[in-house]
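Fold and contact review
Each chain, letter by letter, is given below.
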Amino acid sequence: MQEACGSGPERLTLRPGVVILLLGSLYCIGLECARVVYAGNRFYLFLIWNLFLAWIPFAVSLLIEKVQSRGGRPALLVLLAAIWLVFFPNAPYIITDFIHLTPRVAVPLWFDVLLITSFAWTGLLLGLVSLARVQRLISAAAGSLVGWLSAAGALVLAAFGIYIGRFEVRNSWDLIMRPGLLARDTWHQLTSPALYPRTLGVTFSYAVFLMLAYATICEIGGLLPTPMWFRSFTRAEGQGSTK
């Protein structure tokens, strides 16, 4: 996946990582089409729409790179970053679609497990790779620490967005169509956390999961340099274990 981020924002050609994500998406759609033909129903057709929404933050991250590389105005970059943040939770949200998984007569359970896993994995990758792109630009402008703090904040907001989308039945469009209602409900939950234990539980659990997943693909996939403090920590641990 390293090629999906590239080594410079000026290169926006179709790189191997992007091709892999496209192929993964086509595979997901192929599985769903095969299910429709085999079972004669469209129960999981919504997964295609959810995957489309997961592509939006990825596409916006590409656009942010392009605008930044051409010396775009800061106001435009801020606007694009806000749009990216609004749609970012849609990418990891697909992992909650396992809630729909139940044995069905028409289709083997193993196939539906594979179907949802494929959509969830592809959506999660789209979101995390887009975050790596945005973080790299932030780090270049404001430093590595600010970049990592921004990434952590985005993942916490994404976890809260997952809760809102799954349990409050809200979506990104509500920020545009009904911002007042969404802001009021969100503010009440944030200011009265003791009244909403499920909000805290879901947000915390998914935030930790997303942070671990992000750290994993950044380190193993080489999307971003390992933070200096983490390299120092692991080096110290390694030296301590050899004594």
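Below or above, wherever it landed, is the structure these notes cover.

How each quantity is defined
Residue indices begin from 1 for each chain and proceed along its sequence in written order. Given that the model is predicted, a residue must reach a pLDDT of at least 70 before its local features are reported, and side-chain atom pairs must reach 80 or more before they are shown or counted; all residues, however, enter totals for whole chains, interfaces and linings. In computing side-chain values, all of the structure's heavy atoms are included and hydrogens and water are not. Side-chain rings of Phe, Tyr and Trp (the six-membered ring for Trp) are treated as a pair once their centres are within 6.5 Å; stacked means planes under 30 degrees apart, edge-to-face means over 60, and tilted covers the remaining angles. A helix here means a DSSP run of H or I that spans at least four residues, while a strand means a run of E at least two residues long, and both kinds are numbered starting from the N terminus. Expected span of a helix, by definition, is 1.5 Å for each gap between consecutive residues, and there is one gap fewer than residues. Note on exposure labels: buried denotes an accessible area under 20% of the residue type's maximum, exposed denotes more than 50%, and partly exposed covers the range between, all computed with a 1.4 Å probe on protein chains only. In this description, the arc belongs to the directions extending from the helix axis to the C-beta atoms. Pairs of residues are marked as contacts when any of their non-hydrogen atoms sit within 4.5 Å. By nonpolar core we mean a set of buried residues, namely Ala, Val, Leu, Ile, Met, Phe, Trp, Tyr and Cys, connected to one another through side-chain atoms within 4.5 Å. Only the stretch in contact is used when a helix axis is fitted, and all axes are lines through C-alpha atoms; the angle between N-to-C directions ranges over 0 to 180 degrees. Throughout this description, any angle smaller than 35 degrees is read as roughly parallel, any larger than 145 degrees as roughly antiparallel, any in the 65 to 115 degree range as roughly perpendicular, and the remainder as oblique. Take the far helix as your reference; a near helix turned counterclockwise from it by less than a right angle gives a left-handed crossing, and one turned clockwise gives a right-handed crossing. Polar contact is the term for a pair of N or O atoms within 3.5 Å; when the atoms are in protein, one must be able to donate a hydrogen and the other to accept it, and sequence-neighboring residues count only if both atoms are side-chain atoms. Any carboxyl oxygen of Asp or Glu that lies within 4 Å of a side-chain nitrogen of Lys or Arg is treated as forming a salt bridge with it.

Re the packing of aromatic side chains
If you walk through the whole model with that rule in mind, you get 10 aromatic pairs. Three or more aromatic residues link up through ring pairs in this structure, and these residues are Phe-43, Tyr-44 and Phe-46.

Focus: helix 4 (residues 74–87)
Helix length check: helix 4 (14 residues) gives 20 Å between terminal C-alpha atoms against 20 Å at 1.5 Å per residue, within 8%. Restricting attention to buried positions, one finds in helix 4 the residues Leu-80, Trp-84 and Phe-87. Around the axis of helix 4, the buried residues are gathered within 70° of arc, so they sit on the same side. Residues of helix 4 that are exposed and point over 90 degrees away from its buried face: Pro-74, Ala-75 and Val-78. Lining the buried residues of helix 4 we find helix 3 (46–69), helix 5 (90–93), helix 6 (109–142) and helix 7 (144–167).

Points about the nonpolar core
Counting residues in hydrophobic clusters, the biggest one holds 50 residues, and the most contacted among them are Trp-84, Leu-131 and Tyr-214. Of all the secondary structure elements, the ones that give two or more residues to this core are helix 2 (16–39), helix 3, helix 4, helix 5, helix 6, helix 7 and helix 10 (197–220). Examining the composition of this core, we find that 14 residues originate from one element, helix 6, more than from any other.

Notes on the packing of helix 7 against helix 10
Each packed pair of helices is defined by two parameters, the angle between the axes and the distance between the axes. Across the interface, helix 7 lies against helix 10 with an axial gap of 8 Å and an inter-helix angle of 135°. In terms of orientation, helix 7 and helix 10 fall into the oblique class. Pair helix 7 / helix 10 crosses with right-handed handedness. Of helix 10, the residues touching helix 7 (which contributes Trp-148, Ala-151, Ala-152, Leu-155, Val-156, Ala-158, Ala-159, Phe-160, Ile-162, Tyr-163 and Phe-167) are Arg-198, Thr-199, Val-202, Thr-203, Tyr-206, Ala-207, Leu-210, Met-211, Tyr-214 and Cys-218.

Observations regarding the environment of Tyr-44
Mapped onto the elements, Tyr-44 comes out in the loop between helix 2 and helix 3. Judged by relative accessible area, which is 0%, Tyr-44 ranks as buried. In contact with Tyr-44, not counting residues within four places along its chain, are Glu-32, Arg-35, His-100, Leu-101, Thr-102, Arg-104, Asp-112, Leu-115 and Ile-116. Reaching out from Tyr-44, the side chain makes a polar contact with the backbone oxygen of His-100 at a distance of 3.1 Å.

Some details on the pattern of salt bridges
Under the criterion given, the structure shown has 4 salt bridges. Across the pair Arg-35 and Asp-112 runs a salt bridge whose closest N-O atoms are separated by 2.7 Å. In this pair, Arg-35 is assigned in helix 2 and Asp-112 in helix 6, connecting sequence segments 77 residues apart. Residue Asp-97 is joined to Arg-166 by a salt bridge in which the shortest nitrogen-to-oxygen separation is 2.8 Å. Of this pair, Asp-97 sits in the loop between helix 5 and helix 6 while Arg-166 sits in helix 7; the two residues are 69 residues apart in sequence, bridging distant segments of the chain. Of the residues examined, Arg-166 reaches a relative accessible area of 17% and is grouped as buried.

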